[in-house]
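Take a look at the letters that make up each chain.
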4 protein chains.
Amino acid sequence: MSSSIGNNIRVTIFGESHSAAVGMVMEGLPPGEKVDMDALRAFMKRRAPGRSELTTQRKEPDEPEILSGIKDGVTCGTPVCIMIRNLDTRPSDYDEIKNIPRPGHADYTSYVRYGGFNDYRGGGHSSGRLTAALCAAGGIALQILERRGVAIRAYITEIGGFDIDEDTAAASEALDKAKAEGNSLGGIIECEASCVPAGIGDPIFNGMENDIAKAVFGIPAIKGIEFGAGFRAAAMTGSENNDDFFFDQEGCVRTLINNHGGILGGITSGETIVFRAAIKPTPSIAKEQRSVNLATGENVSIRVKGRHDPCIALRACPCVEAAAAIVILDHMAERNKL
Amino acid sequence: MSSSIGNNIRVTIFGESHSAAVGMVMEGLPPGEKVDMDALRAFMKRRAPGRSELTTQRKEPDEPEILSGIKDGVTCGTPVCIMIRNLDTRPSDYDEIKNIPRPGHADYTSYVRYGGFNDYRGGGHSSGRLTAALCAAGGIALQILERRGVAIRAYITEIGGFDIDEDTAAASEALDKAKAEGNSLGGIIECEASCVPAGIGDPIFNGMENDIAKAVFGIPAIKGIEFGAGFRAAAMTGSENNDDFFFDQEGCVRTLINNHGGILGGITSGETIVFRAAIKPTPSIAKEQRSVNLATGENVSIRVKGRHDPCIALRACPCVEAAAAIVILDHMAERNKL
Amino acid sequence: MSSSIGNNIRVTIFGESHSAAVGMVMEGLPPGEKVDMDALRAFMKRRAPGRSELTTQRKEPDEPEILSGIKDGVTCGTPVCIMIRNLDTRPSDYDEIKNIPRPGHADYTSYVRYGGFNDYRGGGHSSGRLTAALCAAGGIALQILERRGVAIRAYITEIGGFDIDEDTAAASEALDKAKAEGNSLGGIIECEASCVPAGIGDPIFNGMENDIAKAVFGIPAIKGIEFGAGFRAAAMTGSENNDDFFFDQEGCVRTLINNHGGILGGITSGETIVFRAAIKPTPSIAKEQRSVNLATGENVSIRVKGRHDPCIALRACPCVEAAAAIVILDHMAERNKL
Amino acid sequence: MSSSIGNNIRVTIFGESHSAAVGMVMEGLPPGEKVDMDALRAFMKRRAPGRSELTTQRKEPDEPEILSGIKDGVTCGTPVCIMIRNLDTRPSDYDEIKNIPRPGHADYTSYVRYGGFNDYRGGGHSSGRLTAALCAAGGIALQILERRGVAIRAYITEIGGFDIDEDTAAASEALDKAKAEGNSLGGIIECEASCVPAGIGDPIFNGMENDIAKAVFGIPAIKGIEFGAGFRAAAMTGSENNDDFFFDQEGCVRTLINNHGGILGGITSGETIVFRAAIKPTPSIAKEQRSVNLATGENVSIRVKGRHDPCIALRACPCVEAAAAIVILDHMAERNKL
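Residues numbered from 1 in each chain as written. Chains lettered and ligands numbered in written order. Predicted model: local features only at pLDDT ≥ 70, side-chain atom pairs only at ≥ 80, totals over all residues. Heavy atoms only, no water.

With that settled, consider the overall build of chain A. Secondary structure assignment for chain A yields seven helices and 18 strands. At 21 Å, chain A has a C-alpha radius of gyration in line with the 20 Å of a compact globule built from 338 residues. For the C-alpha atoms alone, the extent of chain A along its principal axes is close to 70 × 50 × 35 Å. When each of the 338 residues of chain A is scored for burial, the buried share is 66%. Here the contacts in chain A between residues at least 6 apart in sequence split such that 71% fall between residues at least 24 apart. Approximately 10,700 Å² of chain A is accessible, and the part contributed by carbon and sulfur atoms is 48%. Positive and negative side-chain charges of chain A, numbering 36 and 44 respectively, have mean locations separated by a distance of 7 Å. (Helix = DSSP H or I, 4+ residues; strand = E, 2+ residues; numbered from the N terminus. Rg over C-alpha atoms; globule rule 2.2 N^0.38 Å. Buried < 20%, exposed > 50% of the residue type's maximum accessible area, 1.4 Å probe, protein only. Contact = heavy atoms within 4.5 Å. Areas by Shrake-Rupley, 256 points an atom, 1.4 Å probe, with all protein chains shown as cover. Lys, Arg positive; Asp, Glu negative; His and termini not counted. Charge placed at Lys NZ, Arg CZ, Asp CG, Glu CD.)

Another aspect to go through is the sheet that holds strand β1 (residues 4-5) of chain A. Residues and elements named next belong to chain A. Here we have five strands laid out as an open sheet, ordered β1-β2-β3-β7-β4, and antiparallel in their pairing. The open sheet has two edge strands with one neighbour each: β1 and β4 (64-68). Lying over the sheet, helix α1 (residues 37-45) contacts β4 and β7 (80-85), oriented at roughly 130 degrees with respect to β4. (Pairing = 2+ DSSP bridges. Axes fitted to C-alpha atoms, helices over the stretch in contact; angles between N-to-C directions.)

What follows deals with the sheet that holds strand β2 (residues 10-15) of chain C. All names here are of chain C. Reading across the sheet, the five strands line up as β1-β2-β3-β7-β4 and stay open at both edges, with antiparallel pairing between neighbours. Looking along the sheet, the strands with just one partner apiece sit at the ends: β1 (4-5) and β4 (64-68). With six bridges joining them, strand β3 (residues 21-27) and strand β7 (residues 80-85) adopt antiparallel strand pairing. Its bridge partner being in β7, Val 22 is matched across the sheet by Ile 84.

With that out of the way, let us pick up the interface of chain A and chain D. Contact residues are listed per partner, giving five residues for chain A and five residues for chain D. Here chain A meets chain D over a buried area of about 430 Å², counting both sides, of which 30% is carbon and sulfur. Looking only at chain A, the three residues that lose the most surface to chain D are A:Asn7, A:Asn8 and A:Asn336, adding up to 73% of its buried area. Linking chain A with chain D are zero salt bridges, by the criterion used here. Taken together, the residues that form the side of chain A that touches chain D break down as one nonpolar, three polar and one charged. (Buried area = accessible area lost by both parts, 1.4 Å probe. Salt bridge = Lys/Arg side-chain N within 4 Å of Asp/Glu carboxyl O. Nonpolar A, V, L, I, M, F, W, Y, C, P; charged D, E, K, R; others polar.)

Looking now at the side chain of D:His105. By secondary structure assignment, the location of D:His105 is in the loop between β7 (80-85) and α2 (107-113). Each residue touching D:His105, except ones within four places of it in the same chain, is listed here: C:Leu264, D:Pro283 and D:Ser284.

We now examine the packing of helix α5 (residues 208-216) of chain C against helix α7 (residues 313-334) of chain C. Residues and elements named next belong to chain C. Where α5 meets α7, the closest approach of the two axes is 8 Å, and the angle between their N-to-C directions is 140 degrees. In this view, α5 runs oblique relative to α7, as classed from their interaxial angle. Once α5 is placed against α7, the crossing between them reads as right-handed. The segment α5 lies against α7, with Met 208, Asp 211, Ile 212, Ala 215 and Val 216 engaging Ala 323, Val 327, Ile 328 and His 331. (Parallel < 35°, antiparallel > 145°, perpendicular 65-115°, else oblique. Left-handed = near helix turned anticlockwise from the far one by under 90°.)

Note on the identical chains: chain A maps onto chain D by a rotation of 180 degrees and an axial translation of 0.0 Å, with an RMSD of 0.0 Å. In short, the pair behaves as if placed about a two-fold rotation axis. Across chain A, the smallest distance between a C-alpha and the rotation axis is recorded for A:Asn336, namely 3.1 Å. When the interface residues of chain A are mapped onto chain D, 100% of them again fall at the interface, so both copies present the same face. (Least-squares fit on C-alpha atoms with pLDDT ≥ 70 in both.)

Along the polypeptide, C:Ser184 turns up in the loop between α4 (168-180) and β10 (187-194). Here C:Thr282 takes part through its backbone oxygen, which lies 2.6 Å from a polar atom of the side chain of C:Ser184. (Polar contact = N/O pair within 3.5 Å; in protein donor to acceptor, adjacent residues only side chain to side chain.)

Moving on, we get to the interface of chain A and chain B. Facing 101 residues of chain A, the contacting portion of chain B comprises 101 residues. Counting the surface lost from both chain A and chain B, the interface buries some 7,800 Å², and carbon and sulfur atoms represent 61% of this. Linking chain A to chain B there are six salt bridges. The salt bridge involving B:Glu209 is made with A:Lys223; its shortest N-O contact spans 2.7 Å. Run the count over chain A and chain B and you get 45 residue pairs in polar contact (both at pLDDT 80 or more). For the side of chain A that touches chain B, a count of residues per class yields 45 nonpolar, 39 polar and 17 charged.

So, about the pairing of β7(C). Residues and elements named next belong to chain C. Within β7, five of the six residues are buried, which leaves the element mostly enclosed by the surrounding structure. Pairing of β4 with β7 involves four bridges; the strand directions are antiparallel. From the neighbouring strand, Ile 66 faces β7, where its bridge partner is Ile 82.

Okay, helix α4 (residues 168-180) of chain B next. Residues and elements named next belong to chain B. Here α4 spans 18 Å end to end across 13 residues, near enough to the 18 Å set by a 1.5 Å rise per residue. Restricting attention to buried positions, one finds in α4 the residues Ala 171, Ala 174, Leu 175 and Ala 178. Here the buried residues of α4 occupy an arc of 100 degrees about the axis, which is enough to place them on one side. Every exposed residue of α4 that faces more than 90 degrees away from the buried side is listed here: Ala 169, Glu 173, Lys 177 and Ala 180. (Expected span 1.5 Å × (residues − 1). Arc of directions from axis to C-beta.)

For the pair chain A and chain B, the best superposition has an RMSD of 0.0 Å and corresponds to a rotation of 180 degrees with a translation of 0.0 Å parallel to the axis. When you check the interface residues of chain A against chain B, 100% turn up at the interface there too, and the contact is symmetric in its surfaces.

Per-chain confidence: chain A averages 93 in pLDDT, with 94% of residues scoring 70 or above. Scoring the predicted complex yields pTM 0.97 and, for the interface, ipTM 0.96. (pLDDT = per-residue confidence, 0-100.)

Residue and element names in this part refer to chain B. The end-to-end C-alpha distance of helix α7 (residues 313-334), which contains 22 residues, comes to 31 Å, matching closely the 32 Å that a straight helix rising 1.5 Å per residue would cover. The buried fraction of α7 amounts to 21 of the 22 residues, a majority that puts the element mostly inside the structure. Just beyond α7, the residue with positive phi is Asn 336, at close to 60 degrees.

This part is about unusual backbone geometry. Here A:Ile204, not a glycine, exhibits a phi torsion of approximately 55 degrees, which is positive. Tracing the sequence through the fold places A:Ile204 in the loop between β10 (187-194) and α5 (208-216). One non-glycine residue, C:Asn336, lies in positive phi territory at about 60 degrees. Checked against the element boundaries, C:Asn336 lands in the segment after α7.

Turning our eyes to something else, we now look at the packing of helix α1 (residues 37-47) of chain B against α7(B). Residue and element names in this part refer to chain B. Interaxial distance between α1 and α7 falls to 6 Å at its minimum, and their mutual angle equals 125 degrees. Taken together, the axes of α1 and α7 lie oblique to each other. For the pair formed by α1 and α7, the contact residues are Phe 43, Arg 46 and Arg 47 on the first element and Arg 315, Cys 317, Pro 318, Cys 319, Glu 321 and Ala 322 on the second. Of the residues that constitute the contact of α1 with α7, the class distribution is five nonpolar, no polar and four charged.

For the rest of this paragraph, the subject is the pattern of salt bridges. Residues and elements named next belong to chain A. Applying the stated criterion across every chain, the model contains 86 salt bridges over all chains. Its salt-bridge partner being Glu 33, residue Arg 147 comes within 2.8 Å of it at the nearest N-O pair. With a gap of 114 residues between them, Arg 147 in helix α3 (residues 131-147) and Glu 33 in the loop between β3 (21-27) and α1 connect regions that are remote in the sequence. For Arg 147, a relative accessible area of 43% puts it in the partly exposed group. Classification of Glu 33 by relative accessible area gives buried; the value is 6%.

Before going further, it helps to examine the environment of B:Pro318. Residues and elements named next belong to chain B. Inspection of the secondary structure assignment puts Pro 318 in helix α7. Here Pro 318 falls in the buried class, since its relative accessible area comes to 2%. Sequence separation of Pro 318 and Arg 153 is 165 residues, and the distance between their C-alpha atoms is 8.2 Å. What Pro 318 contacts, discounting residues up to four positions off in sequence, is Phe 43, Arg 46, Arg 47 and Cys 135.

This part takes up the environment of D:Ile70. All names here are of chain D. In this structure, Ile 70 sits in strand β5 (residues 70-71). Residue Ile 70 is classed as buried on the basis of its relative accessible area, which comes to 15%. In this structure, the C-alpha to C-alpha distance between Ile 70 and Ile 82, residues twelve residues apart in sequence, is 9.6 Å. With near-sequence residues (within four places) excluded, Ile 70 lies in contact with Val 35, Thr 75, Cys 76, Val 80 and Ile 140.

Shown next, in the form of structure tokens:
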């Protein structure tokens, strides 16, 4: 039932798009860890709206307020609660959608799940706004991991089907077109976590792949995830896909290539963890769509108003880093590697 | 740390490839549910080895023995334990690999994770053999779901990069070639769960996508998962990907197409749940590969002996069904839909 | 590692005595439940300090602020977060104890547990102040249960060893004496939960006794719990202790007496749940005590300053009700009785 | 819903009194731990029936069979499954009770909880027989703890209200009388866990008291638990109950007395953990009792046949040790103290 994740380090996310605040509670953090609030703010800003013409114009200072668990800039070891006030809410933008679920959104499924009592405004608890809380937790995790030498970096590889390195101009043009038309584009984000020690994770249901996938699907709009060669591996032979082992000059076991994405049998190999996530196009589009009026029982048409991103992938990179960091930190804690 | 999954219905898997038995404990099952052992055996046989030339020649009767929780063919509501004895084990096949991890396997990562105390024979707890236990649990879940009208069906769509419907001959030829060469192929399995009620699942971290992904990555060799349009959605526009809602003739809210794979915001929409999983090629191949000798510190070459499948995807369909069934049953129990 | 409890309805408590706020997140609440904030405030006031000469003079308005999960006075079904600002904090009261753990408090154990990084001021996360958050969660649970006919009521039966009904004068005198001497008294609280349906709870580790005990020990100063006849049952014969069953006039199975405290084998019988909790004397006393200076390594003497209750049991009744309500609500949700 | 306990080391118990076997799965054990099966058998024998005239005459060899997770007498780190076959079952003993719940037993509550599908024979999953599985898990935990210097010992202090040291003759006489009359007696068990490191456990809901209580209530017939001075503390003043700290000659922080039972604020102090559990009289008695016939709706009288202990406390000591060991091991694992 829960909006929580983690076993030894557990993150619980609360809030709705238009509630008083969104936030998170993070239990089990090691005590004595410095939390650099400037760095946290900078990290959270990477997902914040209003930075460019291509992101929603909703302006939120997204100021994280520490409610507990951090004293004099250092973790106490007790639950950290950070909240972010919702300030620039315009509920009237959502009056129309009260009974008319937006295609591609969680409006209809939440309506059924919560018997109509969900906060429909701005998608409520399913809003992308909740990723501010995810990034607050992930930002702290990233700072702790960084001190252990673990670096996590996510970047966009594709927008609207175009490789952003090889087809930069095409991707850019597609974005402009989508924006002009009130339409949107999907994208692919790749994430690398380097220098995670070997031997982290568990077999069967609590492997690194299982748990990273579980966390990453917590980011709205993610519809797929693959590790290492992923779906490409399905078209390979075993001799192509298997990564040979060798001892490197320091006597460490390594693999020459990394089709396994740093994870074998759910457990880290010491190679860089690599995964890719598919982000669907922002479902909020200005184009006319068909929907239903749940109050009247009529089929209707809808044009979603409000301030939306033509490509949510542009802001999702820190969210992906955050999700990965939370899981890796949790598993490292469990293996006593913090 | 655990080989367990589920919140209201919880499955714990135990066993090693060459331990006395593999098995599972399933807690939280509704009482009074008939368990048809013949149907369960038939389901488990779909994953069992030895059925054709293309699967491993290890012969296991895979006879599930009920230890608890089922009386007179009906669930008591208390934990069900089923074990499957390991009979046809030939540990000597694995003497060589004790110190030489097989590329693409969990041998090395388990060695690090467990400080060398893992049961290396046949991959130990990370062996595909453990999916017999998964299927025992999943088979029971499927029987219960079937009585609620939920049908789950997984099928192979690609082998070695060939669509098995459109390029049947090519796929078959590639399989023969891989087998002849002691090589292996990957594949893609698609799974559909129809008639799952709308409103099942949770936002953020415990959505249906999160939890199905977590369970499916519990099957060895899975390296990717996507729901609905999945990675294809990343190349679409919002107007292409969004599934319009409409009232059907019975007054039910439906979508015309199903790019969302039956899940929006982690919660079921009532449309068929659709996902695809990428299966890497069986890592056990007879071809020479490079590896390391962990005892001597030398780089070595290895040729994996034993009885192995040229394409593990051929036996993985019931495992995927089992994983999906366990998660859907758990979430339906949580929403009081059983 | 966690300050959380519950499976289907999960409460996570955060905050320190002198952090910005204390609060709680409550996941899994049924949607559409009215939350009467006036009733909640009234309930929380029962544990609030400053109501009489016998409770600490720390004045806190204890105003619960809803951050999420409640819209227009009704639960959305998504996580409810309520925070209570810490206003009247006087950290200087605690300067002395930074390195000198107070006997009977968690200062020393927290120091070891958190490597000295715990917030020592006022007991930090282990402070009785955190029960404000417990009562916020429990108060909501009580309102929901009340609508299902379940009533939970805790009351003091003993103070300082005196039965407060039979030895009222003696108890009162002992309290006055303790207060005058800067000393404190323990007490016993009894709690009754009536009209909990039969068949709630689970065998072995997740029974009602297990889970109520786990929750009640979350209240600082509780050192024992017993259900029904409890420790008295240990001195009985089976024929004395066993509660005979009979059909009442409505055809319900009942017991004539209730030595079993409404729970048999972890599962409710339909009789009133009855338990008693032992509350140790408030550890903060003005009398001189021996302790250690962790910074200097010297044995020292300490006289605890600050504003403290001579008998914490006086304020603990709503906390006991809250703990019981959270557990009963969680188990009723699991059995679909909400 | 579960018959499981633990966070980092998790024990799941399965079986019914008359199912094929009872057993347990233990996840998260450290790898490389020797499991001495002779010592385990000896430990399990302490709870086994048939050792004297005062325990049930049911004869069970109680032979633990390792199904997984232990290779060459050493833990692999993967789930350990041990089962104990039920051999000497006489289901016909229980025919009568199918519809007539035995007073003091879980028959009626299980009937309601499981809609009549519970295995009523011998109490099913709620039978004391399940403590064989608890002891198998606890016995392994005790062996691991012993290697870390932690010793856990439980012993009876009272039988039928008589102190067994001071009133030995009276206790013995009461036992004989109870046996002769087909009646039974309760008792009190005290348990000490020495040399548990300081700083183990968590505040609020996951403290050592919370979790030991939760585990100990998993033993049938336990109706109360108290730590340190427990209920006696409720009659003390703060200056009597508070345990002063001092540095001992080795520079360790100690307390002179141990009213706190080795736990302050849920966290261990380094002093011996001490708790007492109240065991109700064996509910199975040969004396006539009133009950109900659930099939006919009539009030009836019942005389419980079968082979039963006049005082279950006599066999419960290893169960209490087992429960404590499982919890302490789990918490030590979480704090990296294994």
